[in-house]
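Summary of the model geometry
This is what each chain is made of:
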Amino acid sequence: MHLKTSGDPVLILFFLIKAVMNIFHEIRKSDIILASALILGCIISLAYFSVSSRELSPASTVVITKDGKILENCSIHDDKTVDTGSNTIVIKGGEVYMEHADCKNQICVREGKISHAGQSIVCMPNRVVVEIKGGDEAYDAITR
Ligand SMILES: [Zn+2]
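Quick look at the structure, then. Since the model is a prediction, treat every value here as computed from it, not as a measurement.

Regarding the overall build of the protein chain
- When helices and strands are counted, the protein chain shows three helices and seven strands.
- Scored against the burial criterion, the 144 residues of the protein chain give a buried share of 15%.
- A separation of at least 24 residues holds for 38% of the contacts in the protein chain among residues at least 6 apart in sequence.

Following this line, the structure appears as structure tokens:
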């Protein structure tokens, strides 16, 4: 069988399903129905998750970690300043930015403001990560 290695992962998945179906065909027809129902369910949930993760969901939570440890986990609407010791992160008016960092490159400071779910500011030298997570809150981020 010729497998396409490049291109859509869904396409590869289909080839795999076809292969599985061929095996099942030799077993029992009722098994095919069961298998296809299961596979179909998998595809639907896969497609659903890949679509929903690609969309810009409303920003809701700000998670700040240092060395992988969570220092702050709060709503994006909680106006506050978080000091990690090396970095100062400001959460204000639904936006997050790195106000100060003691790193040499200052990439994190120059990153500017972020306000959408899925966006993040990373300070590599200090291993500080600021992430915005999505949620079910009001769609104030979409209108931007
Ligand atoms: Zn930095």
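Re the pairing of strand β5 (residues 95-101)
- The pairing of strand β4 (residues 87-92) with β5 spans six bridges and is classified as antiparallel. Across the sheet, the residue bridging to T88 is H100, located in β5.
- Where β4 folds back onto β5 in an antiparallel hairpin, the turn is made up of two residues, including G93, whose phi is positive at roughly 55 degrees.

A short note on the environment of I32
- Assignment of secondary structure puts I32 in helix α2 (residues 29-54).
- Using a count of 16 C-beta atoms within 10 Å as the deciding quantity, one classes I32 as partly exposed.

Details of unusual backbone geometry
- Phi is positive for D67, which is not a glycine, with a value near 55 degrees.
- Its place among the elements puts D67 in the loop between β1 (59-66) and β2 (69-75).
- The phi dihedral of Q106 is positive, around 60 degrees, even though this residue is not glycine.
- Summarising the element assignment, Q106 is placed in the loop between β5 and α3 (107-110).
- A count of 14 C-beta atoms within 10 Å places Q106 in the partly exposed class.

A closer look at the nonpolar core
- Core analysis: the biggest nonpolar cluster contains 17 residues, and V62, I76, I89, V96, M98, V130 and I132 have the highest contact counts within it.
- Only β1, β4, β5, β6 (120-123) and β7 (128-134) provide two or more residues apiece to this core.
- For I132, the residues in contact, after removing those within four places along its chain, are A59, V62, I76, V96, I114, H116, A117, G118, Q119 and S120.

Observations concerning the sheet that holds β2
- Taking strand neighbours across the sheet as the criterion, the four strands line up as β2-β1-β7-β6 in an open arrangement whose pairing is antiparallel. Strand pairing shows two members of the sheet lacking a second neighbour, β2 and β6, which therefore form its edges. For this sheet, the mean inter-axis angle between neighbouring strands, taken without regard to orientation, is 15 degrees.

Describing the sheet that holds β4
- Pairing in this open sheet of three strands is antiparallel, and the strands run β3-β4-β5 from one edge to the other. Either end of the sheet is taken by a strand with one partner, and the two such strands are β3 (80-83) and β5. Geometrically, the sheet is characterised by an average inter-axis angle of 20 degrees between neighbouring strands, direction not taken into account.

Points about the environment of I76
- Here I76 shows up in the loop between β2 and β3.
- Under the C-beta neighbour-count criterion, I76 is labelled buried, with 26 such atoms within 10 Å.
- Distance in space between the C-alpha atoms of I76 and S115 is 8.4 Å, their sequence separation being 39 residues.

Calculation notes
Residues numbered from 1 in each chain as written. Predicted model: local features only at pLDDT ≥ 70, side-chain atom pairs only at ≥ 80, totals over all residues. Helix = DSSP H or I, 4+ residues; strand = E, 2+ residues; numbered from the N terminus. Buried ≥ 20, exposed ≤ 12 C-beta atoms within 10 Å, placed from the backbone. Contact = placed C-beta atoms within 7 Å. Pairing = 2+ DSSP bridges. Core = buried A, V, L, I, M, F, W, Y, C linked by C-beta atoms within 7 Å. Axes fitted to C-alpha atoms, helices over the stretch in contact; angles between N-to-C directions.

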